Amino acid sequence: MARVTVALVDDHPVVHEGMRAWLDQDPEHRIELVAAGDSLDVAFTGSGRDADVLLLDLNLHGQMVIDGVTRLADAGRRVVVYSEHADDDTVLAVMERGAFAFLAKREAREHCVATILAAAADRPYVPPQAAGTMAADERPGRPALSEQERTALLLWFQSMSKSAVAARMSIAETTVRQYIQRARIKYANAGRPAATRTQLLARAIQDGLIRADEVTEYSSRATRSP
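Everything quoted here is computed from the prediction, not taken from an experiment.

A.B. asks: Tell me about the overall build of the protein, residues and numbers included.
C.D. replies: Helix and strand counts for the protein come out as 10 helices and seven strands. Counting only residues that meet the buried cut, the protein has 51% of its 226 residues in that class. The contacts in the protein between residues at least 6 apart in sequence include a share of 64% that link residues at least 24 apart. Total accessible area on the protein is roughly 10,400 Å²; 49% of this is exposed by carbon and sulfur atoms.

Next comes the structure, spelled out in structure tokens:
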């Protein structure tokens, strides 16, 4: 299995060393920190430009760079925000801007490793801090999904292909695609577009349509599988 490469943007060298040590503790050596720096330039230069996952601290030299998440996500980067600023508004703001996940710096190493591996594989994973925030989000604009739409989304979020979801539900793959598209249309009509699977997952958890543990437990098992 090819190693997952990571670039870290944080303005504290001690965090660079700490993250390197954390990742080196993985007995399977699945992740390699290939670049680290104190500005968003890390994401666009040298080894950081091609890294599978970008770990981003939000507070760089005393300035919050939440809007930088949009720039990075629009450039196609898998952004995992890694921050001590873990209030609900901040977590929701970075998810709205296209971050793959929010990881609080106080969360355990296993969540860091699981989040990075999931991001690299485009597999949903929700760390505890973000799960709690999204589950408690009570903002208006929640669309209603049918039970079939919800089931199709859940199976898809559990890293199944659309064809596998179709087989599991005993329906046509075109129907699965319709269910997913209907959910996207409902969110767009509510003024909360969800263009990617990660964004759609975040919306569904925020609205209580899917529980984070329904996805996370499945993803955790997949991460441990050979």
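A.B. asks: Tell me about the sheet that holds strand β6 (residues 79-83), residues and numbers included.
C.D. replies: Taken together, the five strands give an open sheet; going across it, the order is β2-β1-β3-β6-β7, and neighbouring strands pair in parallel fashion. The sheet is open, and its two borders are formed by β2 (31-37) and β7 (101-104), each paired with just one other strand. For this sheet, the mean angle separating the axes of adjacent strands, direction not counted, is 25°. Both strand β1 (residues 4-9) and β2 contribute to a ladder of six bridges, which runs parallel. For threonine 5, the partnering residue across the bridge sits in β2 and is glutamate 32. Most of the contacts of helix α1 (residues 13-24) go to β2, to which it runs at about 175°, and overall it touches β1, β2, β3 (53-56) and β6. Docked against the sheet, helix α3 (residues 88-96) engages β6 and β7, running at close to 150° with respect to β7.

A.B. asks: Tell me about the environment of alanine 172, and please be specific about residues and values.
C.D. replies: Among the structural elements, alanine 172 can be located in the loop between α7 (162-169) and α8 (173-189). The exposure class assigned to alanine 172 is partly exposed, which follows from its relative accessible area of 38%. Taking the C-alpha atoms as reference, alanine 172 lies 9.5 Å from lysine 162; in sequence the two are 10 residues apart.

A.B. asks: Tell me about the pattern of salt bridges, and name the residues and values.
C.D. replies: According to the stated counting rule, one finds 11 salt bridges in the structure shown. Two residues, arginine 97 and aspartate 67, come together in a salt bridge whose shortest N-O distance is 3.2 Å. Of this pair, arginine 97 sits in the loop between α3 and β7 while aspartate 67 sits in helix α2 (residues 66-74), and the two are 30 residues apart along the sequence. With relative accessibility at 29%, the residue arginine 97 sits in the partly exposed group. Here glutamate 149 ties to arginine 182 by a salt bridge, and the two come within 3.8 Å at their closest N and O atoms. Pair noted here: glutamate 149 is in helix α6 (residues 147-157) and arginine 182 is in helix α8, with a separation of 33 residues, a long-range link. Classification of glutamate 149 by relative accessible area gives buried; the value is 4%. Sharing partners across several salt bridges, the network here consists of Arg150, Arg211, Asp213 and Glu214.

Definitions and limits used
- Residues numbered from 1 in each chain as written.
- Predicted model: local features only at pLDDT ≥ 70, side-chain atom pairs only at ≥ 80, totals over all residues.
- Heavy atoms only, no water.
- Helix = DSSP H or I, 4+ residues; strand = E, 2+ residues; numbered from the N terminus.
- Buried < 20%, exposed > 50% of the residue type's maximum accessible area, 1.4 Å probe, protein only.
- Contact = heavy atoms within 4.5 Å.
- Areas by Shrake-Rupley, 256 points an atom, 1.4 Å probe, with all protein chains shown as cover.
- Pairing = 2+ DSSP bridges.
- Axes fitted to C-alpha atoms, helices over the stretch in contact; angles between N-to-C directions.
- Salt bridge = Lys/Arg side-chain N within 4 Å of Asp/Glu carboxyl O.

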